[in-house]
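Architecture and fold: a report
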Amino acid sequence: MIAKPVSTFAQRALAAAAALAILAVAVAGCAKPAQPRTFTVTIAQMAYGPTPPSMRVGDSIKWVNADILQHTATAKDGSFDVDLPPKATATTRIAHAGTVDFYCRYHPGMTGRLSVAG
Amino acid sequence: MILRHMSAAAAALALLALPAAAMAQAAKPNDAQIAHIAYTAGQLDIAAGKQALAKSHNKAVRDFAQEMVRDHTAVNDQALALVKKLGVTPQANPTSTALSGAAAAKLKAYAKLSGAAFDKAYVDNEVAYHKTVNGALESTLIPSAQNGELKALLQTGLKLFTEHQHHAEMLAAGLK
Ligand SMILES: [Cu+2]
């Protein structure tokens, strides 16, 4: 005997309601601005650690200088410039989308790049 | 006349070659000697930087000297803490003695200079000095270091002093 799929009106209505609900959640998720996040970039042994791969405008970078030397994180476009004595931390909020190259004013061979989505 | 110039040039070359030769001589120094050489090299550059801060009126030169004093002090503080932790007593050796002798002669010679002549002499010597020290770090001191922490500190030092050398080279090009 072959089982015949049973589809009552009530069942179909329920399925449609569920689909709508999922859609509604998805739409709400898109419309609601994402919570700003804070990413840590650690400086050690004369180098910047990796920068986050998926930054958005409004996110922040927490710079942690774990080196024995004083460094800066200085944006080439002038959007930020933090001076970090050894063991200091500082937080920079990223206000613009795009690619920002940064370097250390004391040791210009130290460089890094932030990629920020809009 | 030409002969006199040539002998002066030869003397200058001999002075410049001294630390490099002394460093090549000290094949395979031990950790206590390496610590002494690295620490001495830092202290000498701090002394040169302090002389520049006392004499120079050029902002770029003063900024550079400030950076040398700050960075080398930081590395040497760390080196002192490390040798204390390891229970190593830095040991004087012909290389560190030769470095000190050459640096003392430079300090004395530069004391007589002022203005742009001093700035140029200081910055040119910083280029040569960092080249010498970096060469020694790369070829002798880092490969010879036995302790892992000492080796790591020397490696950070090499990266740092390479930055200093580039900075000095840029500065020297600007002073011409
Ligand atoms: Cu730096």
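Everything below is about the structure shown above.
Let us look at the structure shown here. (Residues numbered from 1 in each chain as written. Chains lettered and ligands numbered in written order. Predicted model: local features only at pLDDT ≥ 70, side-chain atom pairs only at ≥ 80, totals over all residues. Heavy atoms only, no water.)

With 14 residues of chain B at the contact, the number on the chain A side is eleven residues. The junction of chain B with chain A conceals about 1100 Å² of combined surface from both sides, 61% of it contributed by carbon and sulfur atoms. Broken down residue by residue, the surface that chain B buries against chain A is led by R70(B), T156(B) and E163(B), which jointly contribute 46%. Taken together, the connections running from chain B to chain A amount to zero salt bridges. Applying the counting rule to chain B against chain A returns three residue pairs in polar contact (both at pLDDT 80 or more). Mapped onto the side of chain B that touches chain A, the elements with two or more residues apiece are α3 (59–86) and α6 (148–175) of chain B. A per-class count over the side of chain B that touches chain A returns five nonpolar, four polar and five charged. (Contact = heavy atoms within 4.5 Å. Buried area = accessible area lost by both parts, 1.4 Å probe. Salt bridge = Lys/Arg side-chain N within 4 Å of Asp/Glu carboxyl O. Polar contact = N/O pair within 3.5 Å; in protein donor to acceptor, adjacent residues only side chain to side chain. Helix = DSSP H or I, 4+ residues; strand = E, 2+ residues; numbered from the N terminus. Nonpolar A, V, L, I, M, F, W, Y, C, P; charged D, E, K, R; others polar.)

Here we take up helix α5 (residues 115–144) of chain B. For α5(B), with 30 residues, the first-to-last C-alpha span of 41 Å sits near the 44 Å given by 1.5 Å per residue. Along α5(B), the largest kink reaches about 50° and is centred on L137(B). (Expected span 1.5 Å × (residues − 1). Bend = angle between axes of the 7 residues up to and from the residue.)

Our next topic: the coordination of the copper ion. Residues and elements named next belong to chain A. Protein coordination at the copper ion comes from H71 (ND1), C104 (SG) and H107 (ND1), with a distance range of 2.0 to 2.2 Å. Sequence spacing among the residues donating to the copper ion works out to H-x32-C-x2-H. Neither C104 nor H107 differs from the other in exposure class; each is buried. (Donors = N, O, S within 2.8 Å, 3.2 Å for Na, K, Ca; no water. Buried < 20%, exposed > 50% of the residue type's maximum accessible area, 1.4 Å probe, protein only.)

Residue and element names in this part refer to chain A. Following the criterion strictly, the structure yields eight aromatic pairs over all chains and no others. Taking 5.1 Å as the distance between ring centres and 75° as the angle between the ring planes, the aromatic pair formed by W63 and F102 counts as edge-to-face. Pair noted here: W63 is in strand β4 (residues 60–65) and F102 is in strand β8 (residues 98–103), with a separation of 39 residues, a long-range link. F102 gets classed as buried once you look at its relative accessible area, which sits at 0%. When the centroid spacing of 6.3 Å and the interplanar angle of 50° are considered together, the rings of F80 and F102 count as tilted. Placement of F80 in the loop between β5 (71–75) and β6 (81–84) and of F102 in strand β8 is noted, with a sequence separation of 22 residues between them. (Phe/Tyr/Trp six-rings, centres within 6.5 Å; stacked < 30°, edge-to-face > 60°.)

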